[in-house]
Amino acid sequence: MRVLSKLLLFVHALPRIAEERTEYLGKWEQWMQQEAPNQESALCILSLAPKEKDELKTLGLKHFGERCIIDPYDSSPETVALLGRDLLRTMSERGRQPGGAVTSVIQAWSAYEMWSFKNARLWSEGLKRALPAISFVWDPQQLQVVSCGTQWCGCLTKYSNFIPICLGLARPADIRADFSPQSGWPAKATFTERLSLDRNVFLFLFKTPTGRPMAHFMDGLRAVWEPEHTATVAVDPHRVRLVRTGEGMHQVTKDGFTALVSSGCNSILTILAGDGMDYDEFKKTMNSARIESIQTYSSYLTDIFPYQDPITMGMDRDSG
């Protein structure tokens, strides 16, 4: 048996725009060529679209051979029992304090989030059966998942978060934002770097086409039964611009803002530097965020953003 040290994960990967598809297929194939000689690595392609699966399957089999696994899926009675356990655990534990005391209001969870975790569980149990079949074992403390795909704040980020949990891994996935044509969505931005914060939360940093710094807070290893996270940043709210996508629990005060950390199943708050805040200052400010677990949804979290200047369509014409 071989010890698996790295699992490359492609998630719903192909872009819809022809030019982007050609560009990123080239990047992904080059990456496969670089990684394939490592006999302690394997490739897993997750895609429900047959055409996309065929294109990626051709590349995967070309470079990884039997170490390329396509859509592992297990719905055996044992896995169905695990899904029931996941649901019961989510309904009983979500919203509890670390010591176990139940708060007065149990934190809400969405059907979409539970559905996404179900998919991750089915794929992960399939992987647990497929890998030994090609003579692989792994150490949960050491195995590194490296993921790429297209949908930022969607399939790429949510399955990168959930699958390592379902595999019982100790380390979050290395999400290759540089290999995602949509990284930074909903803004058009170029990925610059990723920083690790408390509670396995990642800070992804970008620059817009004019050079304005931008940030997203993302979960890296949070199970569906665990409370969502928030990132609280101390900053003059007039020095940043906040753009909310989807419904989410965020707040701005005169002392800064609190962002709900995105898991790929919930809202994403895009943070842009205001005029006069350069990249280094913006990075330091965002990196100082206080990461906490939400134990209950309280009225202090809101979708209304007071204290910040209005956002205009022309706000990004100047370099920040």
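Let us look at the sheet that holds strand S15 (residues 268-273). Overall, antiparallel pairing links the five strands, which are arranged S8-S9-S10-S15-S12 in an open sheet. Both edges of this open sheet fall to strand S8 (190-196) and strand S12 (240-245), since each of them pairs with a single strand only. Adjacent strand axes in the sheet meet at a mean angle of 25° when their direction is disregarded. Examined bridge by bridge, strand S9 (residues 201-207) and strand S10 (residues 213-219) share seven bridges and lie antiparallel to one another.

Right, let's get into the sheet that holds strand S3 (residues 41-46). Here we have five strands laid out as an open sheet, ordered S4-S3-S2-S6-S7, and parallel in their pairing. Strands with a single pairing partner mark the edges of an open sheet, and in this sheet they are strand S4 (68-70) and strand S7 (174-175). When strand S2 (residues 6-11) meets strand S6 (residues 144-149), the two strands line up parallel, connected through six bridges. The residue bridging Leu-8 from the neighbouring strand is Val-146, located in S6. Each of S2, S3, S6 and S7 is contacted by helix H5 (residues 155-166), which is oriented at about 165° to S6, the strand it contacts most.

Attention now moves to helix H6 (residues 279-287). Taken together, the buried positions of H6 are occupied by Tyr-279, Phe-282, Thr-285 and Met-286. Viewed along the axis of H6, the buried residues span an arc of 130°, placing them on a single side of the element. Facing away from the buried side of H6 by over 90 degrees, the exposed positions are Asp-280 and Lys-284. One side-chain oxygen of the residue at the start of H6 lies 3.4 Å from the amide nitrogen of Asp-280, identifying that residue as Asp-278.

This paragraph deals with the packing of aromatic side chains. Counted under the stated rule, the structure contains 13 aromatic pairs. With 5.4 Å between their ring centres and 75° between their planes, Phe-117 and Trp-225 make a pair best called edge-to-face. One end of the pair, Phe-117, is in helix H4 (residues 111-133); the other, Trp-225, is in the loop between S10 and strand S11 (229-234), and 108 residues separate them in sequence. Each member of the pair, Phe-117 together with Trp-225, is buried. Between Trp-123 and Tyr-159 the ring centres are 5.2 Å apart and the planes differ by 85°, which places this aromatic pair in the edge-to-face class.

Packing of helix H3 (residues 77-93) against H4 leaves a shortest axis separation of 10 Å and a crossing angle of 145°. In this structure, H3 meets H4 at a crossing whose hand is right-handed. In this structure, H3 uses Glu-78, Thr-79, Leu-82, Leu-83, Arg-85, Asp-86, Leu-87 and Thr-90 to contact H4, whose residues at the interface are Met-114, Phe-117, Lys-118, Arg-121, Leu-122, Glu-125 and Arg-129. Considering only residue class, the contact of H3 with H4 consists of six nonpolar, two polar and seven charged.

Quick look at the pattern of salt bridges now. With the rule as written, the count across this model stands at 20 salt bridges. Each member of the salt-bridge network shares a partner with another, and the members are Asp-74, Arg-85, Asp-86, Arg-121, Glu-125, Lys-128 and Arg-129.

This next bit is on the environment of Thr-245. Here Thr-245 is to be found in strand S12. In this structure the C-alpha to C-alpha distance between Thr-245 and Ser-267, which are 22 residues apart in sequence, comes to 5.8 Å. Discounting residues that sit within four places of it in the chain, Thr-245 has contacts with Trp-185, Pro-186, Ser-267 and Ile-268.

This brings us to the confidence of the model for the chain. When the pLDDT values of the chain are averaged, the result is 87; 85% of them are 70 or greater. Within the model, the stretch residues 102-106 combines pLDDT values under 50 with eight contacts to residues more than four positions away or in other chains.

Cut-offs and rules
Residues numbered from 1 in each chain as written. Predicted model: local features only at pLDDT ≥ 70, side-chain atom pairs only at ≥ 80, totals over all residues. Heavy atoms only, no water. Pairing = 2+ DSSP bridges. Helix = DSSP H or I, 4+ residues; strand = E, 2+ residues; numbered from the N terminus. Axes fitted to C-alpha atoms, helices over the stretch in contact; angles between N-to-C directions. Contact = heavy atoms within 4.5 Å. Buried < 20%, exposed > 50% of the residue type's maximum accessible area, 1.4 Å probe, protein only. Arc of directions from axis to C-beta. Polar contact = N/O pair within 3.5 Å; in protein donor to acceptor, adjacent residues only side chain to side chain. Phe/Tyr/Trp six-rings, centres within 6.5 Å; stacked < 30°, edge-to-face > 60°. Left-handed = near helix turned anticlockwise from the far one by under 90°. Nonpolar A, V, L, I, M, F, W, Y, C, P; charged D, E, K, R; others polar. Salt bridge = Lys/Arg side-chain N within 4 Å of Asp/Glu carboxyl O. pLDDT = per-residue confidence, 0-100.

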